[in-house]
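Topology and contacts: notes
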Amino acid sequence: MKKLALVILAFIAVSGTAFAQEKEPVKKEPVKIYNPKANAKADIDAAVAKAKKEGKHVFIQVGGNWCSWCIAFHKLVDATPELKDYLNSNYETVLVNYSQDNKNPAVMASLGYPGRFGFPVFVILDGNGKVIHIQNSAYLEEGKGHSVKKVMEFLKGWTFAAVKPENNK
């Protein structure tokens, strides 16, 4: 009986230490969609020049790597060919960082302080760099994320062709 008790105790001791060992936590790589060191003004100026030349508008996504909704939107566009292709065909895109590292105050002022709507926030510029629309992204949500349908409707409503007077008679 003592042998059986010792065997059981030994088994429990070995089993307990096996379960007690903690796994090392999986380290997630930080998301790096936005670049806090980027020259946002230069990026926007380059996009505006290219947009003017190609008959497009500029789509600016303001947010930061700290913002889960910003990352989710970026991933949605990346994973949805319809959105990605439409955006690339009709807009020059710029990601503007807003974070503790760099709040881009001069750029935010020049864009009409879009952060007042939360993040991400989208700004549409024409080919002259004029702000023609600021979009609160919350209006593009449905359920637990952004709606592909609502995002597509928004993008279609602010293309170069969509706002031409002759197309709105």
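Because the structure is a prediction, the values reported are computed rather than measured.

Attention shifts here to the state of the cysteines. Enumeration according to the criterion identifies one disulfide in this entry. Sulfur-sulfur distance for the disulfide between Cys67 and Cys70 comes to 2.4 Å. One disulfide, between Cys67 and Cys70, carries an S-S torsion of 80° and so falls in the right-handed class. Per residue, the accessibility class of Cys67 equals that of Cys70, and both read buried.

Attention now moves to helix H2 (residues 40–54). Between its first and last C-alpha atoms H2 spans 21 Å; for 15 residues at 1.5 Å apiece the expected length is 21 Å, and the two agree. The set of residues buried in H2 consists of Ala40, Ile44, Ala47, Val48 and Ala51. Each buried residue of H2 lies within a common arc of 105° when the element is viewed along its axis, so the set occupies one face. Those residues of H2 that are buried lie in contact with strand E1 (57–63), strand E2 (91–97), helix H5 (105–110) and strand E3 (121–125). Downstream of H2 by a residue or two, Gly55 has a phi angle that is positive, lying close to 65°.

Turning our attention to the layout of surface pockets. By volume, the largest pocket is sized at about 160 Å³. Around the largest pocket, the lining residues are Phe59, Gln61, Phe73, His74, Val77, Asp78, Lys84, Leu87, Asn88, Thr93 and Leu95. Counting only elements with at least two residues in the lining of the largest pocket, the list comes to E1, helix H3 (68–79), helix H4 (81–90) and E2. Its residues assigned to classes, the lining of the largest pocket comprises five nonpolar, four polar and two charged.

A separate point is the side chain of His57. Take His57: it is sitting in strand E1. Since its relative accessible area comes to 2%, His57 is described here as buried. A polar side-chain atom of His57 sits 2.8 Å from the main-chain carbonyl oxygen of Trp158.

Read from one edge to the other, the open sheet built from four strands follows the order E2-E1-E3-E4, with strand pairing classed as mixed. The open sheet is flanked by E2 and strand E4 (131–136), the only strands paired with a single partner. Looking at each pair of strands side by side, their axes are set apart by 20° on average, direction ignored. Where E1 lies against E3, five bridges are found, and the strand directions are antiparallel.

Before going further, it helps to spend a moment on helix H6 (residues 148–157). Here H6 has its buried residues at Val151, Met152, Phe154 and Leu155. All buried residues of H6 lie within an arc of 160° about the axis, which places them on one face of the element. Between a side-chain oxygen at the N-terminus of H6 and the backbone nitrogen of Lys149 the separation is 3.3 Å; the capping residue is Ser147.

Among the secondary structure elements, Lys50 is positioned in helix H2. With 41 residues separating them in the primary sequence, Lys50 and Tyr91 have C-alpha atoms 9.7 Å apart.

With that out of the way, let us pick up the side chain of Asn136. As for its placement among the helices and strands, Asn136 is situated in strand E4. You can call Asn136 buried: its relative accessible area is 15%. Polar side-chain contacts of Asn136 include one of 2.9 Å to the backbone nitrogen of Ala138.

Pairs of packed helices are described in terms of their axes, by the angle between the two and the distance that separates them. Packing of H4 against H6 brings their axes to within 10 Å, and their N-to-C directions diverge by 15°. Accordingly, the angle class assigned to the pair H4 and H6 is roughly parallel. Crossing hand, H4 versus H6: left-handed. Contacts between H4 and H6 involve Glu82, Leu83, Tyr86 and Leu87 on the former and, on the latter, Val148, Val151, Met152, Leu155 and Lys156.

Parameters at a glance
- Along each chain, numbering runs from 1 in the same order as the chain's sequence is written.
- With pLDDT at 70 or above as the cut-off, local features in this predicted model cover only qualifying residues; side-chain atom pairs require 80 or more to be listed or tallied, and sums for whole chains, interfaces and linings still use all residues.
- The side-chain numbers reported here are obtained from all heavy atoms of the structure, hydrogens and water having been left aside.
- Any two cysteine sulfur atoms lying within 2.5 Å of each other are counted as a disulfide.
- Throughout, exposure labels follow a simple rule: accessible area from a 1.4 Å probe, protein chains only, divided by the maximum for the residue type, with under 20% read as buried, over 50% as exposed, and the rest as partly exposed.
- A run of H or I in DSSP becomes a helix once it reaches four residues, and a run of E becomes a strand once it reaches two; helices and strands are each numbered from the N terminus.
- Each residue after the first adds 1.5 Å to the expected span of a helix.
- Throughout, the arc means that of the directions going from the helix axis to the C-beta atoms.
- A contact between two residues is defined here by any heavy atoms of the two lying within 4.5 Å.
- Note on definitions: the grid is 1 Å and covers protein atoms alone; a cavity is a set of points where a 1.4 Å probe fits but cannot get out; a pocket is an open set with protein on both sides within 12 Å along at least five of seven lines; lining residues have an atom within 4 Å of a point.
- Grid points are joined across faces, edges and corners, and a volume is the space filled by probe spheres set on the points.
- Each residue gets one of three labels, nonpolar for Ala, Val, Leu, Ile, Met, Phe, Trp, Tyr, Cys and Pro, charged for Asp, Glu, Lys and Arg, and polar for the others, Gly among them.
- In protein, a polar contact requires one atom able to donate a hydrogen and another able to accept it; more generally it is a pair of N or O atoms within 3.5 Å, and residues adjacent in sequence count only if both atoms are side-chain atoms.
- For two strands to be treated as a pair, DSSP must find no fewer than two bridges joining them.
- Simply put, an axis is a line fit to the C-alpha atoms, just over the touching stretch for a helix, and the angle between two N-to-C directions goes from 0 to 180 degrees.
- Orientation categories follow fixed angle ranges, with anything under 35 degrees roughly parallel, anything over 145 roughly antiparallel, 65 to 115 roughly perpendicular, and all other angles oblique.
- By definition, turning the near helix anticlockwise from the far helix through less than a right angle yields a left-handed crossing, and turning it clockwise yields a right-handed one.

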